[in-house]
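Geometric and topological summary
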Amino acid sequence: SRKEMKLDEVVVTGSRAPLTALQSAKIVKVITADDIHRAAVETVNDVLKLATGVDVRQRGGFGVQTDISINGGTSDQITILLNGINISSPQTGHNAADFPVDMADIERIEILEGSAARVFGSSAFNGAINIVTRREQKSGVTLSAEGGSFGTWGANGRAALTTGVVTNSQSGGYRQSDGGTLHSDFKRRQMFYQGDLASQHINLQWQAGLASQDFGANTFYSAKFNDQFEATRR
């Protein structure tokens, strides 16, 4: 027999005024420089693990090869931005983590979830990640170095020069390791430059970056073949 059931009334309303995609509500999570400092993380990949809904599948130490996805999507369904500029690899999402910046360069990381991210293009199917770098207010130099087991060591440097309304800053880093298992060695190089011109009448920003990696890809894509090697230049 059939039984009729009455449900409470459901009212669905939209915006009171028509909005463009850029003006519509968005789900945005922000990881600040303070969050990064308190987490004591080593790489950008480790920072993204702090965000709910972001899946970071890291193969190898220090995020040498990493797949990044949002809310159940794939690594090819997100867009990686650096100060709003798309730096996603056109080849494959497996190279999404070839960041040209170091941890010391980052001011905050903005994570945009859902369909609202499509304002950044069709590749931002499930979301977008925007890395915002520091804008220096005065000249200065910072240096850092690290070392560990299995021949692991690295060094990073950052310098800024402010003259009047123009600021130039550049950073560079190198890290390598012999790896703890066969064909897990790697060498990573990165370099990033950004310039700012801020006056009463004009505000310009420009940037350039380089990421270079050589690494043993032991079982990255198949456990059957452990003698694999890759090199990427971005």
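My aim in this report is to walk through the structure given alongside it, one point at a time. What you see is a predicted model, and the numbers here were worked out from it, not measured in a lab.

All right, on to the overall build of the chain then. Helices and strands together make up the secondary structure of the chain, namely two helices and 13 strands. In terms of principal-axis extent, the alpha carbons of the chain reach across some 75 × 60 × 35 Å. Within the chain, buried positions represent 38% of all 234 residues. Taking the contacts inside the chain whose residues are at least 6 apart along the sequence as the reference set, 53% of them involve residues at least 24 apart. A total accessible area of about 13900 Å² is found for the chain, and carbon and sulfur atoms account for 54% of it. Positive and negative side-chain charges of the chain, numbering 23 and 24 respectively, have mean locations separated by a distance of 5 Å.

Consider a sheet: its strands pair through backbone hydrogen bonds, and that pairing is either parallel or antiparallel. Strand order across the open sheet formed by six strands is S8-S9-S10-S11-S12-S13, with antiparallel pairing between neighbours. Bordering the open sheet on either side are strand S8 (140–147) and strand S13 (229–233), each of which pairs with just one other strand. Direction aside, neighbouring strands of the sheet carry axes that sit 5° apart on average. Sheet topology places S8 next to strand S9 (residues 153–163); eight bridges connect them, and they run antiparallel. From the neighbouring strand, Gly147 faces S9, where its bridge partner is Trp153.

Taken as a whole, the largest pocket spans an internal volume of roughly 240 Å³. Taken together, 17 residues make up the lining of the largest pocket; nearest its centre are Asp102, Ala104, Ser144, Glu146 and Asn156. Listed by contribution, the elements that provide at least two residues to the lining of the largest pocket are S8, S9 and strand S10 (166–177). The element that contributes the greatest number of residues to the lining of the largest pocket is S8, accounting for five residues. Split by residue class, the lining of the largest pocket holds five nonpolar, six polar and six charged. As a volume, the second largest pocket reaches approximately 200 Å³. For the second largest pocket, the full set of lining residues is Ala33, Ile36, His37, Ala40, Val41, Met103, Ala104 and Ile106. Sort the elements by how many residues they give to the lining of the second largest pocket and helix H1 (residues 33–39) lands first, with three residues.

A separate point is empty space enclosed by the protein. To find leftover empty space, one rolls a probe the size of a water molecule over the atoms. Scanning all chains against the criterion turns up three cavities of 30 Å³ or more. In this model, the largest cavity occupies a volume close to 180 Å³. Considering the residues around the largest cavity, the lining is formed by 17 residues, among which Val101, Asp102, Arg175, Arg188 and Gln190 are closest to the centre. Its residues assigned to classes, the lining of the largest cavity comprises six nonpolar, five polar and six charged.

Glancing now at a nonpolar patch on the surface. A contiguous nonpolar patch, built from Ile202, Leu204 and Trp206 and spanning about 250 Å² of accessible area, is present on the exposed surface. On the basis of relative accessible area, Trp206 is assigned to the partly exposed category, the value being 34%.

To continue, consider unusual backbone geometry. Note: most residues except glycine have negative phi, and most peptide bonds are trans. The residue Asn71 is not glycine, and still its phi comes out positive at about 50°. In this structure, Asn71 sits in the loop between strand S3 (65–70) and strand S4 (78–82).

A few words on the pattern of salt bridges. As enumerated under the stated definition, the model contains 14 salt bridges in all. Salt-bridge contacts for Arg108 lead to Glu110; the nearest nitrogen and oxygen are separated by 2.9 Å. A residue is classified by how much of its surface remains accessible, and Arg108, at 31% relative accessible area, is partly exposed. In this structure Glu110 comes out as partly exposed when scored by relative accessible area, which is 22%. Here the salt bridges do not stand alone but share partners, grouping Asp105, Arg134, Glu136 and Arg158 into one network.

Quick notes on the rules
- Residues numbered from 1 in each chain as written.
- Predicted model: local features only at pLDDT ≥ 70, side-chain atom pairs only at ≥ 80, totals over all residues.
- Heavy atoms only, no water.
- Helix = DSSP H or I, 4+ residues; strand = E, 2+ residues; numbered from the N terminus.
- Buried < 20%, exposed > 50% of the residue type's maximum accessible area, 1.4 Å probe, protein only.
- Contact = heavy atoms within 4.5 Å.
- Areas by Shrake-Rupley, 256 points an atom, 1.4 Å probe, with all protein chains shown as cover.
- Lys, Arg positive; Asp, Glu negative; His and termini not counted.
- Charge placed at Lys NZ, Arg CZ, Asp CG, Glu CD.
- Pairing = 2+ DSSP bridges.
- Axes fitted to C-alpha atoms, helices over the stretch in contact; angles between N-to-C directions.
- 1 Å grid on protein atoms, 1.4 Å probe; cavity = no way out; pocket = protein on both sides within 12 Å on 5 of 7 lines; lining within 4 Å.
- Points joined across faces, edges and corners; volume = space filled by probe spheres on them.
- Nonpolar A, V, L, I, M, F, W, Y, C, P; charged D, E, K, R; others polar.
- Patch = residues over 30% accessible without salt bridge, like charges linked within 9 Å, V, L, I, M, F, W, Y side chains within 5 Å.
- Salt bridge = Lys/Arg side-chain N within 4 Å of Asp/Glu carboxyl O.

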